[in-house]
Amino acid sequence: MTHLVTTLFLYAEEGAEHAVELADGGVLAQWAWLIPAVPLVMMFAIAFFGRRLPNRGWELAEFSMLFVAVYGVALFISNADQGVYYEGAIEIATVGSFVLEWGWVVDGLSIMMYAVVGIVGLAVFTYSKGYMEGDIRYTGFFANFTLFAAAMLVLVSSPNMLQLIVGWELVGLASYLLIGHYWEDHENNAAAIKAFITNKVADVGLFIGVIIVAVTVGSFRFSDVLDAVANADSALIEVAFWAGLMLFIGAMGKSAQFPFHVWLPDAMAGPTPVSSLMHAATMVTAGIYLLGRMFPLYQDELFAVDVKTIIIIVGAVTLLLTGLIALVQDDIKKVLAYSTLSQLGYMTVAMGAGAYTAGLFHLFTHAFFKGLLFLCAGSVIHAVHSNNMSDMGGLRKYMPSTFWTFIVGSLALAGIFPLAGFWSKDEILSSVSFDAAHGGGAVASTVLVVAIVGAFITALYMARAVYLTFYGEYKGEGHPHESPKIMTYPLIGLAALAAVAGFANMPGIYTGFTDWVGARLHVMGDHHAEAINYLLAGLGLAAAGIGIAAGTRLWRADRDTQAARDRFRIPVLYPLLENKYYIDDFYLRGIVNPTKGSIARATDWSNTYLLDGVVNGVGLGAGLLSKIVYGGIDQRGIDLAINATAAATGEAGEQLRHTTTGRVQQYAGALFAGAILLVVGFLILS
Amino acid sequence: MIVNQFLVLAALLFSIGVYGVLVRRNAVLVLLSVELMLTAVNINLVAFWAYLQDPLAYLQDVQFAGQVFALFVIAVAAAEVGIGLAIVVLIFRNRSSANIDELDLLKW
């Protein structure tokens, strides 16, 4: 305990040395370790006692999210009042010069993530009570779901890269469990495994990056690494490109950037609340968070500045390609999944453009409206018992709450003034244009065009989703009905946030968010425009408006979905989009199947001949040895001695027992005889 | 003072007692013989006390040690005979005999 206190004190002093004016956050920050701890404890409580509780574990999950939301918002307010920086750690072990620590960092970036995970988590968990009602693995679902949120909080609260990896992998594990929630269906298992393995491949990059950085700097702590960046550490400069690239590859996996994006649409196999939380607050935001955390490494001219070009290109490619796929999907959740990929592309573009605030601001607003859209989709699916929009239509009349909140979410996503998406997308556009003017060059200019086209595509596919789902005639079976209040209230809450979250950062008017996430120890050198750029804002808004208009023209009039789809059947492009550019097929046929076969054969061979040989050899040797030990030493040596002793004792007893006659006078005679012998002996000796 | 005559008497009595204990079959007579042995010991105690009285005179506290021991032995012998006779009576009631040779149940 003393050590803990001194460590805390040390950090507080270190913080004070920096020129940035940051408060230490007081008791609230010192106890912030509770943010990941409470959900973790609740996860175990649900797993062990959940079944016996009246709501079968839901109340514990809900409590943990309520706690995180309240704590996160309290920190958020405190951070908005004055920037907070605090870092606490408990030393677990020292290995050589590396110190293994469990810690929690409370600064602008992590506070924003706490608040987002808490608020969206609270909405999603509340909603899940209604959505998951009657599920056979209800309690297990909430245990996994709480683990999912807790893992994300471990990840974002981490002040060092090792703990980040722990959270990173726990998020992967929880997502695997949740995607495979309906594991009776083989496809869902395959989706869960696909998500896990795709992430694992990218994680190799993360590990290599972390190892490079840690070995070079000699510490796993982010603050040490970023100090090295601030001090222009020459050893780190040499490896900065590879370290930055490898860390970005790790981020590409979690944030599902091209070409690692394939797992995300398949992850729709999980229950809808899982998709909602995964796409809004946890999991996919982890990569963007990592880029944000390591931002100075990429931004500093001496370090991994070249990686930024790769980042912005990857982001732009993801943005455009996945946005186009969203246009042809029939499954409403897949439309939203590809939309998430596209929006993650925007965030990556922002990070690649050196626009820290813009990227995180889009993460912030996107969390609310994408969480909302998924919950709305879940509500629709709950009503019509199908994921396909060809089974929906006309739901506007049956589900007014869902309809209106979906409209708010869609408009926010499309970037319509004055909803959240408008402000964050505009921030990205102006940041990219700022970057184009400040060293980004032709690449940034091209990406700017792609981003504006992306805004058009976003509006187009959201318009399509709205019209196919809520307009026209109902084409499904049964009678759809509005969801219960426990599901619609979270929708309304998130819709309100999706509407107003954008006001946190209005260039030239109020830029609170910039200061909130800028409350960090290390100077960012953030690329971002000071004033609103009316031309870009107008272009973005126009692109979105044209998208909506085109969507209305294409899908509003058509009562029949099939006809609407056929209208879009352009010979080459449509099959290409429908098959997702054959990337999945390429992975399956080009990588998975050949490796699967040869790896299986190699594993089988090594198993049969190498492993089995060793195992059998050891077994034979042990058998032989045991025979020698048993037959030679045990049977003939030890047992012989024991048996001989026993036989001798038995024989002696057999012979001697006849002296026990039972006659008292014989005993007395022996006694006297003995006494006389003793006396005689005594006399002779003396 | 000569102590020999007392010692001879005691030795004779003890020998008669040993003989009785080893040879007699009646349990009552065996007990009687034990009493004879104890009496022989008592005679020895008192005889030696009288014999050694002068050399031990300086030990004021043990002036009557021999007699006290003899009294102890008599008391213990009385108790022993009380219990012994009670056992004999019970055995006689059970088996209508006090023959010691027949009491050999506790053997191999």
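Model, not experiment: these values are computed from the prediction.

Definitions and limits used
Residues numbered from 1 in each chain as written. Chains lettered and ligands numbered in written order. Predicted model: local features only at pLDDT ≥ 70, side-chain atom pairs only at ≥ 80, totals over all residues. Helix = DSSP H or I, 4+ residues; strand = E, 2+ residues; numbered from the N terminus. Rg over C-alpha atoms; globule rule 2.2 N^0.38 Å. Buried ≥ 20, exposed ≤ 12 C-beta atoms within 10 Å, placed from the backbone. Contact = placed C-beta atoms within 7 Å. Nonpolar A, V, L, I, M, F, W, Y, C, P; charged D, E, K, R; others polar. Core = buried A, V, L, I, M, F, W, Y, C linked by C-beta atoms within 7 Å. Pairing = 2+ DSSP bridges. pLDDT = per-residue confidence, 0-100. Axes fitted to C-alpha atoms, helices over the stretch in contact; angles between N-to-C directions. Parallel < 35°, antiparallel > 145°, perpendicular 65-115°, else oblique. Left-handed = near helix turned anticlockwise from the far one by under 90°.

S.K.: Even after reading the chapter, I still don't get the overall build of chain B, so can you show me in this structure?
M.R.: When its secondary structure is counted, chain B shows three helices and zero strands. Secondary structure of chain B in N-to-C order comes out as α-α-α. Expected size for 108 residues packed as a compact globule is a radius of gyration near 13 Å; at 18 Å, chain B overshoots this value by more than 25%. Each principal axis of the C-alpha distribution contributes one length, and for chain B these read about 55 × 25 × 25 Å. Out of the 108 residues in chain B, the part that is buried amounts to 15%.

S.K.: Honestly, the overall build of chain A in this entry has me stumped. Any pointers?
M.R.: Secondary structure assignment for chain A yields 27 helices and two strands. For chain A, whose C-alpha radius of gyration is 34 Å, the value lies well above the compact-globule estimate of 26 Å for 686 residues. Taken along the three principal axes of its C-alpha coordinates, chain A extends 135 × 65 × 55 Å. Expressed as a percentage of its 686 residues, the buried residues of chain A come to 51%.

S.K.: What am I meant to see in the interface of chain B and chain A here?
M.R.: It is common to give the size of an interface as the accessible area that goes away when the parts come together. With 10 residues of chain B at the interface, the matching set in chain A holds 11 residues. Looking at the side of chain B that touches chain A residue by residue, the class counts come to seven nonpolar, no polar and three charged.

S.K.: Would you mind going over the environment of A:G454 with me for this structure?
M.R.: All names here are of chain A. One can find G454 in helix α20 (residues 420-470). Taking the C-alpha atoms as reference points, G454 and A544, separated by 90 residues in sequence, lie 9.0 Å from one another. Here G454 is in contact with L319, L320, G323, S342 and Y346, once residues within four sequence places are set aside.

S.K.: What's the story with the nonpolar core in this structure? I'm lost.
M.R.: Across soluble globular proteins, nonpolar side chains show a tendency to be buried alongside one another. Within the largest apolar cluster, 214 residues are counted, with the highest numbers of intra-cluster contacts made by A:Y114, A:V120, A:M152, A:V349, A:A451 and A:A498. Sort the elements by how many residues they give to this core and α20(A) lands first, with 23 residues. The contact partners of A:V120, leaving out residues within four places of it in the chain, are A:L277, A:A280, A:A281, A:A367, A:F368 and A:G371. By size, the runner-up hydrophobic cluster in this structure holds six residues, among which are B:A27, B:V30, B:L31 and B:I100.

S.K.: Is there a simple way to explain the pairing of strand β2 (residues 98-106) of chain A in this structure?
M.R.: Strand residues, when the strand is regular, have side chains that alternate between the two faces of the sheet. All names here are of chain A. Of the pairings in the sheet, the one linking strand β1 (residues 86-95) to β2 comprises nine bridges and is antiparallel in character. Note on β2: the bridge partner recorded for E91 is E101. Connecting β1 to the next strand, β2, in antiparallel fashion are two residues, including G96 with a positive phi near 60 degrees.

S.K.: Honestly, the confidence of the model for chain A in this entry has me stumped. Any pointers?
M.R.: A low pLDDT means the predicted coordinates there should not be read in detail. The pLDDT averaged across chain A works out to 85; a share of 94% of its residues lies at or above 70. Throughout residues 1-20 of chain A the model reports pLDDT below 50, and contacts reaching past four residues in sequence, or to other chains, amount to 15 contacts.

S.K.: Looking at this model, I keep getting lost on the environment of B:L32. Mind explaining?
M.R.: Residues and elements named next belong to chain B. Inspection of the secondary structure assignment puts L32 in helix α2 (residues 27-51). By C-beta crowding, L32 is classed as partly exposed, having 15 other C-beta atoms within 10 Å. The spacing of L32 and V81 is 49 residues in sequence and 8.6 Å in space, taken between C-alpha atoms.

S.K.: What is the right way to read the packing of helix α10 (residues 234-254) of chain A against helix α13 (residues 284-293) of chain A from this model?
M.R.: Each packed pair of helices is defined by two parameters, the angle between the axes and the distance between the axes. Residue and element names in this part refer to chain A. Two numbers describe how α10 lies on α13: the axes approach to 6 Å, and their chain directions differ by 155 degrees. Comparing the axis directions of α10 and α13 gives the class roughly antiparallel. Where α10 crosses over α13, the handedness of that crossing is left-handed. On the side of α10, the interface is formed by L247, F248, G250, A251, M252 and K254, while α13 contributes V284, A286, G287, L290 and L291.

S.K.: Please clarify how unusual backbone geometry should be interpreted in this entry.
M.R.: Phi is mostly negative for residues that are not glycine, and the peptide bonds are mostly trans. Residue and element names in this part refer to chain A. The omega torsion of the bond from F258 to P259 falls at 5 degrees, within 30 degrees of zero and hence cis. Mapped onto the secondary structure, P259 falls in the loop between α10 and α11 (263-266). Residues F417 and P418 are joined by a peptide bond in cis, for which omega reads 0 degrees. With respect to the element layout, P418 can be found in the loop between α19 (400-414) and α20. Look at A256: it is not a glycine, yet its phi comes out positive at around 50 degrees. Positive phi, close to 65 degrees, is recorded for M283, a residue that is not glycine. Assignment of secondary structure puts M283 in the loop between α12 (272-280) and α13.

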